[in-house]
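Descriptive structure summary
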Amino acid sequence: AKGSMTEKEDIKLLCHFVNDIFLKESFVLEVQPPLLLAGNLMGCAEQLNYIFDRFGEPSASQYLFLGNHVSIGKRSIDTLVLLLL
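We now turn to the structure provided with this report. (Residues numbered from 1 in each chain as written. Predicted model: local features only at pLDDT ≥ 70, side-chain atom pairs only at ≥ 80, totals over all residues. Heavy atoms only, no water.)

1. Remarks on the overall build of the protein
From N to C terminus, the protein includes three helices and two strands. Across the protein, helices and strands are ordered from the amino to the carboxyl terminus as α-β-α-β-α. Across its three principal axes, the protein shows a C-alpha extent of roughly 45 × 30 × 25 Å. Sequence separation of at least 24 residues holds for 73% of the intrachain contacts in the protein that already meet a minimum separation of 6. Per element, the accessible surface of the protein, about 6900 Å² overall, is 59% carbon and sulfur. Charged side chains of the protein number 7 positive and 10 negative; the gap between the two group centres comes to 7 Å. (Helix = DSSP H or I, 4+ residues; strand = E, 2+ residues; numbered from the N terminus. Contact = heavy atoms within 4.5 Å. Areas by Shrake-Rupley, 256 points an atom, 1.4 Å probe, with all protein chains shown as cover. Lys, Arg positive; Asp, Glu negative; His and termini not counted. Charge placed at Lys NZ, Arg CZ, Asp CG, Glu CD.)

As structure tokens, then:
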């Protein structure tokens, strides 16, 4: 459709937007409980969706993702986009 963006353009825009946010963030986080820790998603968007289904959407719960978001999984880009949204 006229004026619509491609998926690639959407992802580039999202990355640009979150980059500005990340640059303003501190390298050291002070977090308060309750807090859900998650790590080693390795590109598994299904695993991320399970976490959100089981423990609540990010707007309703406090998460700390420890890294390894993308890797060998078949849906690394999907996983990263879900985390950035």
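2. Notes on helix α2 (residues 45–55)
Those residues of α2 lying buried are A45, L48, I51 and F52. Along the axis of α2, the buried residues cluster in a sector spanning 120°; they form a single face. Exposed and oriented more than 90 degrees from the buried face of α2 are Y50, D53 and R54. Downstream of α2 by a residue or two, G56 has a phi angle that is positive, lying close to 110°. (Buried < 20%, exposed > 50% of the residue type's maximum accessible area, 1.4 Å probe, protein only. Arc of directions from axis to C-beta.)

3. Looking at the packing of aromatic side chains
All chains considered together, the criterion is met by three aromatic pairs. Summarising the aromatic geometry, the rings of F52 and Y63 are spaced 5.4 Å apart at their centres and angled 70° between planes, so their arrangement reads as edge-to-face. Separated by 11 residues along the polypeptide, F52 in helix α2 and Y63 in strand β2 (residues 63–65) bring together distant segments of the chain. Judged by its relative accessible area of 8%, F52 is buried. Overall, Y63 belongs to the buried group, its relative accessible area being 16%. Residues Y63 and F65 carry aromatic rings whose centres are separated by 5.6 Å and whose planes lie at 20° to one another, so their mutual orientation is stacked. Feature note: the residues F52, Y63 and F65 constitute an aromatic cluster, connected by ring pairs. (Phe/Tyr/Trp six-rings, centres within 6.5 Å; stacked < 30°, edge-to-face > 60°.)

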